[in-house]
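Below are the chains, spelled out letter by letter.
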Amino acid sequence: MPNKEKLLVGLAGQQNAGKSTTFNMLTGANQHIANYPGVTVDKKSGTFKYQGVKVETVDLPGTYSLTSFSLEERVTRDFLITEKPDVIVNVVDASSLKRSLYFTFQVLEIGFPVAVALNMMDVATRNGIQIDIGRLQHRLGVDVIPTVGRRGKGKKELRDAILATANRKEGKALRIAYEDLEPAIEKLEGKLQTTKLADTYPVRWLSVKLVEGDSEAERIVIEELGAASTELEMSRKIRREFEEEHFMPVADYMVGCRDRLASSIVGSCVTETKAGKANISEKIDALVLNRFAAPIFLVATVFIIYQLSIVKGYDLTQYWWPFLAKFRAIVAGILPDAGMLEDPYIRSMSLWMVDSANALLNYIPIFLILFALIAILEDSGYMARIAFILDRMFFAFGLHGQSTLPFILGGVFAGGCAVPGVMATKGIPDERSRLATILTVPYMNCLAKIPFYTLLVNVFFVEYKSWVMLFLSTITIFVALLVARLLTATVLKTKETAPFVMELPNYHPPTFFGVGQRAIERTWQYIKKVGSIVIAVSVCVFTLLQFPGIGDDRKQYYETEINKAVVQFQKKIEKSSYAEHFQDEAAILEMVNLYTEYKTAKLNIKGAKASKALDLRYLKKYPDEFIFLKPKKDKDAKIINKAVRGLSSKRKSLRRNIKEEQIETSFLGSVGRSLEPLTQWAGFDWKINVAILSSFAARESSVATIGVLYQQGADENKSLEERMGAEISGGGFTPLHALAVMVFFALYPPCLATTIMIKVQTGSYKWMAFSVLFPTALGFIVASIIFSGGNALNLNGIQMMAVFYVFVVILTIVTGLSKSWGRKRPLINIRAGTV
Amino acid sequence: MRRRKRRKQCRMLGDCRPGQQAKIRCHHAEGAIRQRLLDLGFVPGTRIDMIRNAPLGDPIQCKVSGYNVTLRRSEAELIELENE
């Protein structure tokens, strides 16, 4: 019978051992993610109830060992030592048992009750590996449960073993013996037993680690007993004497002991029937990693990801958008009605917030598909191959093979989002490359930059459309690589680096549950983290654009204008038999609002069927007024309809004028104006400045702001492109201006959501500030060079684009090929002895 | 094993060509690199198969006790092999 009602279980194991699937198998969907205190490592925990016992399970970071060389290792070790879980479930990859045993030994050495989940038994069987479970159990002295996490096999047995292990009084677990060193270690162990360290730390583990010269163990002793403690001195003496006697480093000897033990266990428990034959993964690799075929497969994979997520996902947003539009309509319905000229603040602000949120939520289908595909790449094992193929290229610029995924997510091919991109840098083990990746992912073209590019390209580069788009989507990659190189050679120079030694795991078919869960989880993280911030910022931007507002005299003027229009309206409808309905202004306003609402609803639907259904709905809801919306053959109603249309369009244009004036006199507008003397070097006028400033909240808003600022002629139903074109050609805005603006926009700092994510991933406000200031400066300088340089050389936009492009490409190639940096042959250490 | 491959012995893993086999003698690396190599099974005395170079020549792929590991040449140049 279980003695405890609550158990804490730590799930530990090496990377690619199937820890996550085992975790899912044990806990089901009941899990949540948090961070370990003070670090950016995810702490995943979940609970399940089994035989009346509540078992809290913590999925520890996957590490190859329990030393203290990486953050993940330190986190795992600290958790084991400070939280003291009741049971550690060690997930072991049955298909490479020997290597997994190194880790198992370290867990056993810490001295906690251990149960081994021998995972991926199916892969092992397929590869012709047979494992004698009984004998392995006997050798290790702990329960060994064969499992197939992906199929949920062995779930009950593993849960049974957890309870049994927790309730076992006496452990008879394997003790790793260090042969010749054993007497010395035991002596040190006895000595440590008498100190206060024995209360907190497993003494055997501590003495083994001290003899091995582990820096973390030494730190613990120094902290608790002081630097001059006899125990520390003793461990150093043991090491010294052993090395003098055996002519080899103690650490190497201990590794050898463990290796011999692991070999002996594997030798007695494992029989290989297909040894020597190439397994399936190797056959696939022979094709996929072939020197000539590899780039083709890589490009094809990336192309498929792009097609499915960005292109197809974008198609899906057409079906998804009506739901968001409906949500907006519902909110609009709840809020106080619109006024004739000015809306109540609560209405305009709430709708502004909804619009900002919708702009982001619109991308949900894209993200779901993108994250699902990424999860498939990760689970299948191909992601590690991508790193293998591209590491050389990235390394030349101070990045890492594993920077590939963040860049893909960030939108290498015109379309992505820097937020998940920055999130995905978590997996990069090398601190310097990781920071460089975080700081360069935002240069990729996120989905929200696209509408702005499209707008400018359609106005200024109609004949060169595809060339300019190609320019924009590739220049960002070159610039990102150059910036990465610059940063790693300067501000990031002193950051910790890590070796690129990585397992290429066997290919596994991904599971539907695992992929779906990860896709939803990441999308949800995006919505949660980004959504809340964007809404908060949108309120600030709204305020900055709204206040102090237009002067009283201007207000008076617009008031008169609208009154004139109302009088005109009344005159027009005089002859209609319905004229008495529209005597007071409230009734008129109501009618105009209803008309606008109906027209907007019409715009959001497609097809004759939906249109009919909409009409029916309005007929039911407004039986008396519907006749004015759709007069059909009623002549009198037609008069009203026409007059309402005229009034509402007059009202629309007046409102737009007010808005423009408002923005011009707003706080943000005055900042944009005051920056004009500086930004003129890059060719930006105050309108562009305002668009750039407001786009910091979310890129999408730049097009909306431009839409308000370039609005003359909106009444004639001209598109924004035409309006901008007309106004701009008068104002001397040339393709060169447009080029400078687009390049600035490509290099411009990440949106607020991304900077928040940068803060989360780097854990520092300093880097967050850097991520904003550096690209601003860079973007401005480059834009100024393009604009002023183009003017000085008398080049037009497209010529300047070509000049700039060639320059950047050459610079990138030269930088990438220069071997002076980072490729130095490492110094051979004398320590390892002679040949 | 074909004779042609046997002819040229290499002292460091970084000098090996695809298809060659060798035994690890010792590591010249220290700290994190050494630990990582040991964790992944690059234990002195272990047989190692050099499988292939990446398309751009670096990193390399090796097979050690039954699984595949990739490492950069700069790290492979720290692994000394036994003369047979």
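These figures come from a predicted structure and were not determined experimentally.

Student: Looking at this model, I keep getting lost on the environment of Asp122(A). Mind explaining?
Tutor: Residue and element names in this part refer to chain A. Tracing the chain through its elements places Asp122 in helix α4 (residues 121-126). The exposure class assigned to Asp122 is partly exposed, which follows from the 18 C-beta atoms found within 10 Å. In the structure, Asp122 is positioned 26 residues away from Val148 in sequence and 6.6 Å away in space, judged by C-alpha atoms.

Student: Is there a simple way to think about the sheet that holds strand β4 (residues 67-71) of chain B in this case?
Tutor: With antiparallel pairing, six strands are arranged side by side in an open sheet as β10(A)-β4(B)-β3(B)-β2(B)-β1(B)-β5(B). The open sheet has two free edges, formed respectively by β10 (501-504) of chain A together with β5 (79-81) of chain B, since each of these has just one partner strand. Across the sheet, the axes of successive neighbouring strands diverge by a mean angle of 45 degrees, strand direction being ignored. Contacting β10 of chain A together with β3 (60-64) and β4 of chain B, helix α17 (residues 382-395) of chain A runs over the sheet at an angle of about 135 degrees to β10(A).

Student: I keep staring at the confidence of the model for chain A and nothing clicks. Help me out?
Tutor: Low-pLDDT stretches of the model should not have their predicted coordinates read in fine detail. All names here are of chain A. Taken as a whole, chain A shows an average pLDDT of 81; of its residues, 90% reach a score of 70 or greater. Scored below 50 in pLDDT, residues 712-717 shows ten contacts in the model against residues more than four places distant or in partner chains. Note that pLDDT drops below 50 for residues 820-835; the model gives that stretch 15 contacts with residues more than four away or on any other chain.

Student: Is there a simple way to explain the interface of chain B and chain A in this structure?
Tutor: The extent of an interface is frequently quoted as the accessible surface area lost upon association of the parts. Residue-level contacts link 36 residues of chain B with 35 residues of chain A. Those elements giving two or more residues to the side of chain B that touches chain A turn out to be β1 (21-27), α2 (31-39), β4 and α3 (73-76) of chain B. The leading source of residues in the side of chain B that touches chain A is α2(B), at eight residues. Class assignment for the residues of the side of chain B that touches chain A results in 16 nonpolar, twelve polar and eight charged.

Student: So what exactly am I meant to see when it comes to the packing of helix α20 (residues 431-440) of chain A against helix α22 (residues 465-489) of chain A here?
Tutor: Relative placement of two packed helices is described by the angle separating their axes and the distance separating the axes. All names here are of chain A. At a minimum axis distance of 9 Å, the contact between α20 and α22 shows a crossing angle of 135 degrees. Judged on the interaxial angle alone, α22 and α20 are oblique. Judged by the sense of rotation from one axis to the other, the crossing of α20 with α22 is right-handed. Where α20 approaches α22, its residues Arg432, Ala436, Leu439 and Thr440 are matched on the opposing element by Ala480, Val483, Ala484, Leu487 and Thr488. When its residues are assigned to classes, the contact of α20 with α22 shows six nonpolar, two polar and one charged.

Student: I keep staring at the nonpolar core and nothing clicks. Help me out?
Tutor: Looking at soluble globular proteins, one finds that nonpolar side chains tend to be buried together. All names here are of chain A. Counting 219 residues, the largest nonpolar core has Ala115, Val116, Ile162, Leu456, Ala740, Met742 and Val743 as the members making the most contacts within it. Looking at this core element by element, the count peaks at eleven residues for helix α34 (residues 735-747). Among the domains, domain 1 (6-167) and domain 2 (179-246) are the pair contributing at least three residues each to this core. Setting aside chain neighbours within four positions, we find Val116 in contact with Asn90, Val92, Thr104, Leu140, Val142, Asp143, Val144 and Ile145. Core analysis: the next-biggest nonpolar cluster, separate from the first, contains 15 residues, Ile573, Met591, Leu629 and Ala637 among them.

Conventions and cut-offs
Residues numbered from 1 in each chain as written. Chains lettered and ligands numbered in written order. Predicted model: local features only at pLDDT ≥ 70, side-chain atom pairs only at ≥ 80, totals over all residues. Helix = DSSP H or I, 4+ residues; strand = E, 2+ residues; numbered from the N terminus. Buried ≥ 20, exposed ≤ 12 C-beta atoms within 10 Å, placed from the backbone. Pairing = 2+ DSSP bridges. Axes fitted to C-alpha atoms, helices over the stretch in contact; angles between N-to-C directions. Contact = placed C-beta atoms within 7 Å. pLDDT = per-residue confidence, 0-100. Nonpolar A, V, L, I, M, F, W, Y, C, P; charged D, E, K, R; others polar. Parallel < 35°, antiparallel > 145°, perpendicular 65-115°, else oblique. Left-handed = near helix turned anticlockwise from the far one by under 90°. Core = buried A, V, L, I, M, F, W, Y, C linked by C-beta atoms within 7 Å. Domains from an automatic or database assignment.

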